[in-house]
Amino acid sequence: AQSVAQPEDQVNVAEGNPLTVKCTYSVSGNPYLFWYVQYPNRGLQFLLKYITGDNLVKGSYGFEAEFNKSQTSFHLKKPSALVSDSALYFCAVRVTGGGNKLTFGTGTQLKVEL
Amino acid sequence: DGGITQSPKYLFRKEGQNVTLSCEQNLNHDAMYWYRQDPGQGLRLIYYSQIVNDFQKGDIAEGYSVSREKKESFPLTVTSAQKNPTAFYLCASSIGQGKVHPPQHFGDGTRLSIL
């Protein structure tokens, strides 16, 4: 079965510093991976996805993610964090054979401080 | 603007009562989904529908029911059989089959609490 793991419940970073939010995956077959962001009391917003091709995927709001097949990872990155990036981030993987169903990680709370 | 509307934003349920959460989308999406979000557990799939008049159970369907009579609407009923209904409920939609790996679009959720 497809699954993703987010090993950090919370990540703290200073504004202007680079940020990384980690995600590892376990799939049979090709991985189709997604990152979403959630602000308090709101729904999830799509940031980016990896389907195939270039291992560095660029997304919304200056975020990018690096796909690493040998390490089965799909870490979310941003070169310079903003206080407004503080939110809950979810990694997800598409469930094969199940339409467009996604399985989500448990989420990582990102806190960017001045 | 196109999007997904969930209502109400907050809902309270009495013991033994069924309550229905509304989800409407004007994105012309075929597929719709209901998730439950609990702190520290991420999102868990309750039900999903890939096309009108068809739906399938997700990972935690017990105590819930849905209908999909119209493309735009996918209401979720939390029945009295759901013993721990307090959670944040999220509805999502996506382009359906035939389109590859589309992202899901989410509403802003309904927070359900027990009185």
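Parameters at a glance
Residue numbering note: each chain is counted from 1, following its sequence as written. The lettering of chains begins at A and the numbering of ligands begins at 1, in the order of writing. Totals for whole chains, interfaces and linings use all residues, but because this is a predicted model, local features are given only for residues with pLDDT of at least 70 and pairs of side-chain atoms are given and counted only at 80 or more. To get the side-chain values, all heavy atoms of the structure are used, and hydrogens and water are removed first. Remark: nonpolar core denotes a set of buried residues (Ala, Val, Leu, Ile, Met, Phe, Trp, Tyr, Cys) joined through side-chain atoms within 4.5 Å. Here the term buried applies to any residue with accessible area under 20% of the maximum for its type, exposed to any over 50%, and partly exposed to those in between, with areas from a 1.4 Å probe on protein chains only. The helix count covers DSSP runs of H or I at least four residues long, the strand count covers runs of E at least two residues long, and both are numbered beginning at the N terminus. Any two residues whose heavy atoms approach within 4.5 Å at even a single point are treated as in contact. Throughout, disulfides are identified as pairs of cysteine sulfur atoms within 2.5 Å of each other. Side-chain atoms alone can form a polar contact between residues adjacent in sequence; in general such a contact is a pair of N or O atoms within 3.5 Å, and within protein one must be able to donate a hydrogen while the other accepts it. Predictor confidence is given residue by residue as pLDDT, running from a minimum of 0 to a maximum of 100. Buried area: the accessible area, evaluated with a 1.4 Å probe, that two parts lose upon being put together, summed over both parts. We define a salt bridge as a contact between a side-chain nitrogen of Lys or Arg and a carboxyl oxygen of Asp or Glu at a distance within 4 Å. Two strands pair if DSSP finds at least two bridges between them. Pairing of aromatic rings covers Phe, Tyr and Trp, the last through its six-membered ring, and needs centres within 6.5 Å; plane angles under 30 degrees mean stacked, over 60 mean edge-to-face, and all others mean tilted. Ring-over charges, as used throughout, are those where CZ of Arg or NZ of Lys falls within 6 Å of the ring centre and within 35 degrees of the ring normal.

Quick look at the nonpolar core
In terms of nonpolar packing, the biggest core is built from 26 residues, with W35(A), L47(A), L48(A), F74(A), L76(A) and Y89(A) touching the most fellow members. If you tally residues by element for this core, the top one is strand 10 (residues 87–94) of chain A, at four residues. Setting aside anything within four residues of it in sequence, one finds L76(A) in contact with L19(A), T20(A), V21(A), W35(A), L47(A), L48(A), F63(A), E64(A), A65(A) and Y89(A). Listed in part, the 19 residues of the second largest apolar core include I4(B), V19(B), V66(B) and Y89(B).

Overview of the state of the cysteines
All names here are of chain B. For the coordinates displayed, the defined rule picks out two disulfides over all chains. Note on cysteine connectivity: C23 is disulfide-linked to C91, with sulfurs 1.9 Å apart. The sign of the S-S torsion, about -75°, decides the handedness of the disulfide formed by C23 and C91: left-handed. Here C23 is found in strand 3 (residues 19–25), whereas its partner C91 is found in strand 9 (residues 87–94), with 68 residues between them in sequence. Relative accessible area serves as the criterion here: at 0%, C91 is assigned to the buried category.

What to know about the side chain of H29(B)
Residue and element names in this part refer to chain B. Looking at the secondary structure, you find H29 in the loop between strand 3 and strand 4 (31–38). A distance of 2.7 Å separates polar atoms of two side chains, one belonging to H29 and the other to S93. Separated by 3.4 Å, the side chain of H29 and the backbone nitrogen of S94 make a polar contact. Ignoring any residue separated from it by four or fewer positions in sequence, one finds H29 in contact with R68, K71, S93, S94, I95 and H105.

Considerations on the confidence of the model for chain B
Fine structural detail should not be taken from predicted coordinates in areas where pLDDT scores are low. Confidence in the prediction of chain B, expressed as mean pLDDT, is 92, and 97% of residues score 70 or more. The lowest-confidence element of chain B is strand 2 (residues 10–13) of chain B, averaging 92 in pLDDT; the highest-confidence one is strand 7 (residues 64–66) of chain B, averaging 98.

Overview of the interface of chain A and chain B
Size of an interface: often given as the accessible area lost when the parts come together. Listed per partner, the contact involves 22 residues of chain A and 26 residues of chain B. Approximately 1900 Å² of surface area, both sides summed, lies buried where chain A meets chain B, with 52% of it carried by carbon and sulfur atoms. Per-residue buried area on chain A facing chain B is highest for N41(A), N100(A) and K101(A); these three make up 30% of the total on that side. Inspection of the chain A/chain B interface yields one salt bridge. Among the salt bridges present, the one from D108(B) reaches R42(A), with a minimum N-O distance of 3.0 Å.

Looking at the pairing of strand 2 of chain B
Residue and element names in this part refer to chain B. Burial along strand 2 is one-sided: the face carrying L11 and R13 is buried and the face carrying Y10 and F12 is not. With four bridges joining them, strand 2 and strand 11 (residues 110–114) adopt parallel strand pairing. Of the residues in strand 11, the one forming a bridge with Y10 is R111.

Considerations on the packing of aromatic side chains
For the structure shown, the criterion picks out 16 aromatic pairs over all chains. Note on Y64(B) and Y89(B): the rings are 5.9 Å apart at their centroids and 65° apart in plane angle, and the pair reads as edge-to-face. In this pair, Y64(B) sits in strand 7 while Y89(B) sits in strand 9, placing the two residues 25 residues apart along the sequence. Assigned by exposure class, Y64(B) and Y89(B) land together as buried. Members of the aromatic cluster, connected to one another through ring pairs, are F34(A), Y36(A), F46(A), F90(A), F104(A), Y33(B), Y35(B) and F106(B). One residue, R68(B), lies across the ring of F74(B), its end atom 6.0 Å from the ring centre.

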